[in-house]
Amino acid sequence: MLKIAIEKLDELFKAVAQKQTLYIPADRTDGASEYKKYEDGMKLSSKLNTLRSAKDFFFPQTENLADFKMEGKKIEVIDVREEAEDFVVFGVRACDARSFTILDKVFLSEPVDSYYKNRREHGTIVTMACTKPAETCFCGTFGIDPTEPEGDVACWSDGESIFFKANTEKGQAFVESVFGLLEDGDTTKLDETKAKTKEILAKLPLANLSTEAFGGDTLMEHFRSEKWAELSESCLGCGTCTFVCPTCQCYDIKDFNTGNGIKRFRCWDSCMYSDFTKMAHGNIRNSQLERFRQRFMHKLVYFPSNNNGEFGCVGCGRCLSKCPISMNIVKVMKALEVK
């Protein structure tokens, strides 16, 4: 396996950034980390997860879809799309990497979302295996192994070096582009690091969280559960959980009159909001209970029912750490699994 010494990582970043736009997780002044465009001297964050996931690179929070020019009854539709530049996202965790397969099922199914497709084709995902999973992690519940991340290129650290393995053609092209900086590496210490990580994973509080209660024909059983009333009672409907979630894909489309034409934007939306899917007659889900239930039924029942059992959650733990009233998908799963 090829490797580079950690102290030479800046050299690798510089080499990549000379050919493509590079984004890496970097620390913020408030203690969190986020993806930033690489600049000379920028250091890779050691934190487990970024504040928001790498989903932003393919499904941004806001984007301009089209412009319209109007002269009387004549309307000109202006396609504002530009061919995406090639870019690399380095340091994506296994949970976030799996989220792309979920988003792909939504945006790359017919009719294909060409905005999303364009970015996916130009983006190279370089993942980084976890060595210090947090107590809020439960990716294993959904069959994700954080010591064997997916992605175009998978990386591991043994504390001294970063090891690289290409998984796709784009990944192989990435490795070849920096091949001169890499050398063959002994994986003995790396194997020990993986083993220690697995030991930590086995001891995490949510290590035994199961999805068994949501398999088979359980849709109506869960939908009609009386537990939704108590579970949703404290929910603020703030949407924080949906905005930090790497798999949420709801959006709204709005038109804005600039005074010199119309701009049509797509922006993230949340099923937790009272005006979500609001139509002329009103909202089809009038209560917070209904909206709360929709979010978790979609991830745990509706999505897997339509996607060969794949759940709409990757166990990243962001909703556990960010919800202001400490309500999350884990509490819902545990409540609903009890008969």
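Figured I'd write up the structure that's included with this text.

Rules and cut-offs
- Residues numbered from 1 in each chain as written.
- Predicted model: local features only at pLDDT ≥ 70, side-chain atom pairs only at ≥ 80, totals over all residues.
- Heavy atoms only, no water.
- Pairing = 2+ DSSP bridges.
- Helix = DSSP H or I, 4+ residues; strand = E, 2+ residues; numbered from the N terminus.
- Contact = heavy atoms within 4.5 Å.
- Axes fitted to C-alpha atoms, helices over the stretch in contact; angles between N-to-C directions.
- Phe/Tyr/Trp six-rings, centres within 6.5 Å; stacked < 30°, edge-to-face > 60°.
- Lys NZ or Arg CZ within 6 Å of the ring centre and 35° of its normal.
- Buried < 20%, exposed > 50% of the residue type's maximum accessible area, 1.4 Å probe, protein only.
- Lys, Arg positive; Asp, Glu negative; His and termini not counted.
- Salt bridge = Lys/Arg side-chain N within 4 Å of Asp/Glu carboxyl O.
- Expected span 1.5 Å × (residues − 1).
- Arc of directions from axis to C-beta.
- Core = buried A, V, L, I, M, F, W, Y, C linked by side-chain atoms within 4.5 Å.

**Description of the sheet that holds strand E7 (residues 123-128)**
The eight strands are arranged E3-E2-E6-E7-E8-E9-E1-E10 in an open sheet whose pairing can be described as mixed. The sheet is open, and its two borders are formed by strand E3 (33-37) and strand E10 (183-184), each paired with just one other strand. Here two bridges tie strand E1 (residues 2-5) to E10, and the two strands are oriented antiparallel to one another. Looking at E10, one finds that Leu2 is bridged to Asp184. In this fold helix H1 (residues 9-17) packs onto E1, strand E2 (21-27), strand E6 (87-92) and strand E9 (161-166), with an angle of close to 140 degrees to the strand it touches most, E2.

**Observations concerning the packing of aromatic side chains**
If you walk through the whole model with that rule in mind, you get 20 aromatic pairs. Between Phe256 and Phe265, the aromatic rings sit 6.0 Å apart at their centres with planes inclined by 75 degrees, giving edge-to-face as the arrangement. Across from the ring centre of Tyr115, 4.8 Å away, lies the NZ or CZ of Arg81, which sits over that ring. Between Arg295 and the ring centre of Phe296, over which it is positioned, the NZ or CZ distance is 5.4 Å.

**A short note on the side chain of Lys3**
With respect to the secondary-structure elements, Lys3 resides in strand E1. There is no salt bridge for the buried Lys3, and the closest opposite charge comes from Glu183, which lies 4.3 Å off by N-O distance. Not counting residues up to four positions away in its chain, the partners in contact with Lys3 are Ser161, Ile162, Phe163, Phe164, Leu181, Leu182, Glu183, Asp184 and Gly185.

**Points about the sheet that holds strand E12 (residues 262-268)**
Here four strands make up an open sheet; going across it, the order is E5-E4-E12-E11 and the pairing antiparallel. Each edge of the open sheet carries a strand with a single partner, namely strand E5 (74-79) and strand E11 (251-257). With strand direction ignored, the average angle separating the axes of adjacent strands in the sheet is 25 degrees. With seven bridges connecting them, E11 and E12 associate as antiparallel partners. Bridge pairing in E12 places Asp252 opposite Cys267.

**Focus: helix H5 (residues 188-203)**
Given a rise of 1.5 Å per residue, 16 residues ought to cover 22 Å, and the 24 Å separating the end C-alpha atoms of H5 matches this to within 8%. Looking at H5, one finds that the buried residues are Leu190, Thr193, Lys194, Thr197 and Leu201. Looking straight down H5, one finds that the buried residues subtend no more than 100 degrees of arc, so they occupy a single side. Relative to its buried face, H5 has exposed residues pointing more than 90 degrees away, namely Lys196, Glu199, Ala202 and Lys203. Elements in contact with the buried residues of H5: strand E8 (153-157) and E9.

**Quick word on the nonpolar core**
Phe138, Phe214, Trp228, Phe292, Leu300, Ile329 and Val332 are the most contacted members of the largest nonpolar core, which totals 30 residues. For this core, the secondary structure elements donating two or more residues are helix H7 (227-232), helix H9 (288-306), helix H10 (318-322) and helix H11 (329-337). Here this core takes six residues from H9, the largest share from any one element. With near-sequence residues (within four places) excluded, Phe214 lies in contact with His222, Leu300, Val301, Phe311, Met333 and Leu336. Ranked by size, the runner-up nonpolar core spans 24 residues in total, among them Leu22, Ile24, Met42 and Cys155.

**What to know about the environment of Lys203**
The topology assignment puts Lys203 in helix H5. Taking the C-alpha atoms as reference points, Lys203 and Glu135, 68 residues apart in sequence, are found 9.2 Å from one another.

**Remarks on the environment of Ala15**
Topologically, Ala15 is positioned in helix H1. Using a relative accessible area of 18% as the deciding quantity, one classes Ala15 as buried. The sequence separation of Ala15 and Asp96 amounts to 81 residues, and the corresponding C-alpha distance is 25 Å. With near-sequence residues (within four places) excluded, Ala15 lies in contact with Val178 and Leu181.

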